[in-house]
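Report on the structure
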Amino acid sequence: MTLPLDDEHAALFTVGQVADMLDVRQAFLRRIDDHQVVSPRRSAGGQRRYSRHEIGRIQQVVVMMDEGMTLPAIRRIFELQHELAEVTRERDELARRLDSLRPPPDPS
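Residues numbered from 1 in each chain as written. Predicted model: local features only at pLDDT ≥ 70, side-chain atom pairs only at ≥ 80, totals over all residues. Heavy atoms only, no water.

A few points about the environment of H53
In this structure, H53 sits in helix α3 (residues 52-66). Judged by relative accessible area, H53 falls into the partly exposed class, the value being 32%. As a C-alpha pair, H53 and D7 span 46 residues in sequence and 9.1 Å in three-dimensional space. (Helix = DSSP H or I, 4+ residues; strand = E, 2+ residues; numbered from the N terminus. Buried < 20%, exposed > 50% of the residue type's maximum accessible area, 1.4 Å probe, protein only.)

The following block contains the structure:
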């Protein structure tokens, strides 16, 4: 049986909870949502809900901003990381397909 807490993408945490956990202001969380750096899900009532995965990304945002990066730059880095992961998955899948088409090694 899988519990919501086991799913790192389950949107379980409110803005207030995340702000307290990470010692950031709620306005900061709204701002990074407005800049589409982190996009929390919305509850039926329209309130932001964050997953553990998103909380990890927010921690990365805080570190990058402390290093002087802007929110648009951080968003672009996240986009490029996502694109790289997709290309890597495609490459790995193509390599598996290619391996399956190769004849077995000659035992002699």
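Some points on the environment of S43
Tracing the chain through its elements places S43 in the loop between β2 (41-42) and β3 (48-50). We classify S43 as partly exposed; its relative accessible area is 22%.

Brief notes about the packing of aromatic side chains
All chains considered together, the criterion is met by zero aromatic pairs. Positioned above the aromatic ring of F78 is the side chain of R57, whose terminal nitrogen or guanidinium carbon lies 3.8 Å from the ring centre. (Phe/Tyr/Trp six-rings, centres within 6.5 Å; stacked < 30°, edge-to-face > 60°. Lys NZ or Arg CZ within 6 Å of the ring centre and 35° of its normal.)

Considerations on the sheet that holds β2
In spatial order, the strands read β1-β3-β2; together these three strands make up an open sheet with antiparallel pairing. Where the open sheet ends on each side, the last strands, each with one partner, are β1 (13-14) and β2. Sheet topology note: the β2/β3 ladder contains two bridges and is antiparallel. Its bridge partner lying in β3, R42 is registered against R48. Sheet strands touched by α3: β1, β2 and β3. Its angle to β3, the strand with the most contacts, is close to 90°. (Pairing = 2+ DSSP bridges. Contact = heavy atoms within 4.5 Å. Axes fitted to C-alpha atoms, helices over the stretch in contact; angles between N-to-C directions.)

Side note on the UniProt feature "domain: HTH merR-type" (unreviewed entry) in the protein chain
The positions that UniProt labels "domain: HTH merR-type" (unreviewed entry) are, in the present scheme, residues 12-80. What you have in residues 12-80 is 61% helix and 10% strand, and the ends, taken at the C-alpha atoms, are 27 Å apart. (UniProt positions renumbered as here; feature names shortened; annotations may be inferred.)

Description of the pattern of salt bridges
Under the counting rule described, the total for this entry stands at 11 salt bridges. Ionic pairing is found between R48 and D33, a salt bridge with its closest N-O pair at 2.6 Å. In this pair, R48 is assigned in strand β3 and D33 in helix α2 (residues 26-34), connecting sequence segments 15 residues apart. Exposure class is identical for R48 and D33. Each is buried. E79 serves as the salt-bridge partner of R76, at 3.2 Å between the closest nitrogen and oxygen. Of this pair, R76 and E79 are both found in helix α4 (residues 71-101), three residues apart, which corresponds to roughly one turn of the helix. Relative accessible area serves as the criterion here: at 34%, E79 is assigned to the partly exposed category. Among the charged side chains, a network of salt bridges with common partners joins D33, D34, R42 and R48. (Salt bridge = Lys/Arg side-chain N within 4 Å of Asp/Glu carboxyl O.)

So, α2
Since the α-helix packs 3.6 residues into each turn, any two residues three or four apart lie on the same face. Every buried residue of α2 is accounted for by F28, L29, I32 and D33. One side of α2 holds all its buried residues, which, seen down the axis, span an arc of 140°. Against α1 (15-22), β2, β3, α3 and α4 lie the buried residues of α2. Where α2 ends, the next residue or the one after it, Q36, has phi of about 60°, a positive value. (Arc of directions from axis to C-beta.)

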